[in-house]
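Architecture and fold: a report
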Amino acid sequence: MDGPILSQLRRLFLTFWRYFGNSDYLAGMLAMSAMGIARDAVEKLCRQLFVFVVRFLWVSVRLEEKDAELVLAWLRERPEVHSSTQLTLFSRSTAQNAGRIFEYEPEIQTTTRLRCSVGSAPKQWMWITRREAKEPGGRRLKAVTVSFFTRNKYMLEAIIEKGRLPEPSSG
């Protein structure tokens, strides 16, 4: 019983193959279908890779008022910031109230991108976004979101600690 069915299937396949080989339209249609399937597979693979990178490698940390000030204090000391084209003046009085110290910090409109390292750590890219929120009393709270590619948060912790350190007094 299997013999006649297999024979019919073989004959059907050979007939299809003969017409397929002689028909440019049929060959083109099959090639276009294969290209569509390949395109969809590559798109799905790229989407899954992007989700993996975002989920497992990209870290965003939201810092509220005090920690945000420490990150901004660290930014004021960076040489990359002083060579920036968009700066904001930050001034404060000295410890003896003898004068004012003027420092520059980046003017963060949306996001500032830096490639930096802290201590012996290798350089890595960081994105720093400044946000301001209004309290019901009308006071504005500063906040910062720091994003980077790594699961290790050592660099952010080191930046906050460097911002906490008292600046050496001159004189």
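Residues numbered from 1 in each chain as written. Predicted model: local features only at pLDDT ≥ 70, side-chain atom pairs only at ≥ 80, totals over all residues. Heavy atoms only, no water.

Further remarks concern the overall build of the protein chain. Counting its regular elements, the protein chain contains five helices and six strands. Along the protein chain, from the amino end to the carboxyl end, the secondary structure elements read α-α-β-α-α-β-β-β-β-β-α. In the protein chain, buried positions account for 23% of the 171 residues. Looking at the protein chain alone, contacts between residues at least 24 apart form 49% of all its contacts between residues at least 6 apart. (Helix = DSSP H or I, 4+ residues; strand = E, 2+ residues; numbered from the N terminus. Buried < 20%, exposed > 50% of the residue type's maximum accessible area, 1.4 Å probe, protein only. Contact = heavy atoms within 4.5 Å.)

Moving on, we come to the packing of helix α3 (residues 65-77) against helix α5 (residues 154-164). The N-to-C vectors of α3 and α5 enclose an angle of 85°; their axes lie 8 Å apart at closest approach. Accordingly, the angle class assigned to the pair α3 and α5 is roughly perpendicular. Together, Asp67, Leu70, Val71 and Trp74 of α3 and Ile159, Ile160, Lys162, Gly163 and Arg164 of α5 make up the contact between the two elements. The residue makeup of the contact of α3 with α5, split by class, is five nonpolar, one polar and three charged. (Axes fitted to C-alpha atoms, helices over the stretch in contact; angles between N-to-C directions. Parallel < 35°, antiparallel > 145°, perpendicular 65-115°, else oblique. Nonpolar A, V, L, I, M, F, W, Y, C, P; charged D, E, K, R; others polar.)

Below, the discussion takes up the side chain of Gln124. Considering the arrangement of structural elements, one finds Gln124 in strand β5 (residues 124-134). The contact partners of Gln124, leaving out residues within four places of it in the chain, are Leu114, Arg115, Cys116, Phe148, Thr150 and Met155.

Judged by nonpolar contacts, the single largest core of 22 residues is most densely connected at Val71 and Val146. Listing elements by their share of this core, those giving two or more residues are β1 (58-63), α3, β4 (112-116), β5, β6 (140-149) and α5. With near-sequence residues (within four places) excluded, Val71 lies in contact with Leu63, Ile128, Val144, Val146, Ile159 and Ile160. (Core = buried A, V, L, I, M, F, W, Y, C linked by side-chain atoms within 4.5 Å.)

Spatial relationships are all this shows, so hold off on functional conclusions.
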